[in-house]
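# Descriptive structure summary
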Amino acid sequence: MYVDKVIKNTFTIDINGVEIRVYDSSREVGEYLTPTTLVFLHGSPGQISNWKYQLEYFKKYYRVIAYDQRGYGMSDKPKRVSINDYIRDLARVLKTLNIEESNTILIGHSFGGMIAQTYASEHGIKGLVLIGSLVKLKVTLLDKFIWNTPPILWRKLLFTDNPITRRLYRDLFFSSATPENVFKEFMEDNREYIESLPGYVFQYEKHFKDYDATSILPKIKCPTLIIVGKDDKVTPVEQSKQIHKLITNSKLIVIENAGHLVLYEKPEEVNKLIHEFIEQLEKKQAK
């Protein structure tokens with residue numbers, strides 16, 4: 001059985017029969033001086049530990065929450081999912097942990113960015129950080145093959161640690177400028193997890209193929225920070241530029257020599273940018 005060796009001290013929340021695994025820094029740190037709470041939403045097929053550098057850094061300053069979204073990490077894995085499922089899960093997590101929306105800063109990466117920006121368009125949160133997010137899902141021929149054929153045809157080839165996946169993951173998710181040891185670290189953190197996932201989890205994205213944030217992004221009124229790696233092939237810079245254009249109160253930062261997994265590639269830079277954004281946000285709101 002897969003066990004996360006990176007993130008400890010987690011617990012579960014039952015959401016209509018689906019167990020969601022959660023990390024809450026206040027359970028190990030105690031009370032914080034500020035009510036500002038950061039909620040981290042991982043990508044697909046990610047897990048809490050994708051945020052390990054951010055959680056370790058920010059828990060010293062703010063209450064931080066991260067959870068395995070349904071279908072991922074150590075949370076339950078239903079056969080079917082929808083955007084509404086993830087929006088309801090986020091609302092329930094906030095309510096269960098007594099977190100006021102007005103004190104909440106959502107931080108989403110990739111698919112987690114989709115959930116964060118959708119939620120922000122409907123709720124009055126304090127701030128929003130989108131990392132490698134997207135306006136529309138880019139569907140490839142490989143995606144269609146995975147979505148429409150039995151997992152036995154591709155599960156072992158594409159989602160186990162082998163020479164093909166190592167080359168594929170390295171080229172697709174990381175900048176060519178990223179040191180090899182960073183890629184090896186990511187593989188070490190996620191190898192057992194990826195190999196443990198049921199095949200149908202890799203087909204979840206077919207339920208989001210028609211996702212289009214063009215109409216919802218202008219509804220986001222809270223201050224928004226948009227971060228993207230310059231060499232991101234999964235959610236290219238043009239997607240973040242479009243998000244920036246559609247969200248009036250937003251700032252776009254492009255990080256050099258980083259790809260889609262900028263969380264691993266440039267953690268110190270990402271943390272610095274987010275921290276500065278929060279401090280500026282709190283200063284403005286204090287006036």
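So, a few notes on the structure that sits alongside this text. All values reported here derive from a predicted model rather than from experimental measurement.

### Section: the nonpolar core
- The biggest cluster of nonpolar side chains holds 64 residues, and the ones touching the most others in it are Leu128 and Leu217.
- In contact with Leu217, other than residues within four places in its own chain, are Gln117, Val135, Ile243, Leu246 and Ile247.
- Judged by nonpolar contacts, the second largest core, of 28 residues, contains Trp51, Ala66, Ile105 and Ile131.

### Here we look at the packing of aromatic side chains
- For the structure on display, the rule yields 19 aromatic pairs.
- Aromatic side chains Phe40 and Trp51 sit 4.9 Å apart centroid to centroid with 55 degrees between the ring planes, which places their arrangement in the tilted category. Residue Phe40 is found in strand 3 (residues 37-41), and its partner Trp51 is found in the loop between strand 3 and helix 2 (52-58); the two are separated by 11 residues along the sequence.
- Residue classification places Phe40 among the buried residues on the basis of a relative accessible area of 0%.
- Assessed through its relative accessible area of 1%, Trp51 is described here as buried.
- Ring pairing ties together the aromatic residues Phe40, Trp51, Tyr57, Phe58, Tyr61 and Tyr62, which thus form one cluster.
- For Arg27, the ring lying beneath its charged end belongs to Phe11, and the centroid distance is 3.6 Å.

### As for the pattern of salt bridges
- The final tally for this structure, using the stated rule, is 19 salt bridges.
- The partner of Asp189 in a salt bridge is Lys52, with the nearest N and O atoms 2.7 Å apart. You can see Asp189 sitting in helix 8 (residues 180-196) and its partner Lys52 sitting in helix 2, a full 137 residues away along the chain.
- A salt bridge links Lys126 to Glu282; the nearest nitrogen and oxygen atoms lie 3.0 Å apart. Here Glu282 lies in helix 11 (residues 267-286) and Lys126 lies in the loop between helix 4 (111-122) and strand 6 (127-131), a separation of 156 residues in the sequence.
- Linked through salt bridges whose partners overlap, the residues forming this network are Asp161, Arg166, Glu188 and Arg191.

### A look at helix 4
- With 12 residues, helix 4 extends 17 Å between its outermost C-alpha atoms, agreeing within 8% with the 16 Å of an ideal straight helix rising 1.5 Å per residue.
- By the criterion of burial, helix 4 is predominantly enclosed, with 11 of the 12 residues buried.
- In this structure, the buried residues of helix 4 make contact with strand 3, helix 3 (83-96), strand 5 (104-109), strand 6 and helix 9 (237-246).

### Remarks on the sheet that holds strand 1 (residues 10-15)
- Pairing in this open sheet of eight strands is mixed, and the strands run 1-2-4-3-5-6-7-8 from one edge to the other. Strands at the two margins of the open sheet, each flanked by one partner only, are strand 1 and strand 8 (250-255). Strand-to-strand, the axes of this sheet are offset by a mean angle of 20 degrees, without reference to chain direction.
- With six bridges connecting them, strand 7 (residues 224-229) and strand 8 associate as parallel partners. Bridge pairing in strand 8 links Gly229 to Ile255.
- Those strands touched by helix 3 are strand 1, strand 2 (18-24), strand 3, strand 4 (63-67) and strand 5, and its axis lies near 120 degrees from that of strand 1.

### Some points on the layout of surface pockets
- Counted as a void, the largest pocket has a volume near 1000 Å³.
- For the largest pocket, the lining is made up of 42 residues, of which Ser44, Pro45, Leu172, Phe173 and Glu205 are closest to its centre.
- Of all elements in the fold, only helix 4, helix 5 (141-148), helix 7 (163-173) and helix 8 reach the threshold of two or more residues within the lining of the largest pocket.
- Of all the elements, helix 8 adds the most residues to the lining of the largest pocket, at six residues.

Quick notes on the rules
Residues numbered from 1 in each chain as written. Predicted model: local features only at pLDDT ≥ 70, side-chain atom pairs only at ≥ 80, totals over all residues. Heavy atoms only, no water. Core = buried A, V, L, I, M, F, W, Y, C linked by side-chain atoms within 4.5 Å. Buried < 20%, exposed > 50% of the residue type's maximum accessible area, 1.4 Å probe, protein only. Contact = heavy atoms within 4.5 Å. Phe/Tyr/Trp six-rings, centres within 6.5 Å; stacked < 30°, edge-to-face > 60°. Helix = DSSP H or I, 4+ residues; strand = E, 2+ residues; numbered from the N terminus. Lys NZ or Arg CZ within 6 Å of the ring centre and 35° of its normal. Salt bridge = Lys/Arg side-chain N within 4 Å of Asp/Glu carboxyl O. Expected span 1.5 Å × (residues − 1). Pairing = 2+ DSSP bridges. Axes fitted to C-alpha atoms, helices over the stretch in contact; angles between N-to-C directions. 1 Å grid on protein atoms, 1.4 Å probe; cavity = no way out; pocket = protein on both sides within 12 Å on 5 of 7 lines; lining within 4 Å. Points joined across faces, edges and corners; volume = space filled by probe spheres on them.

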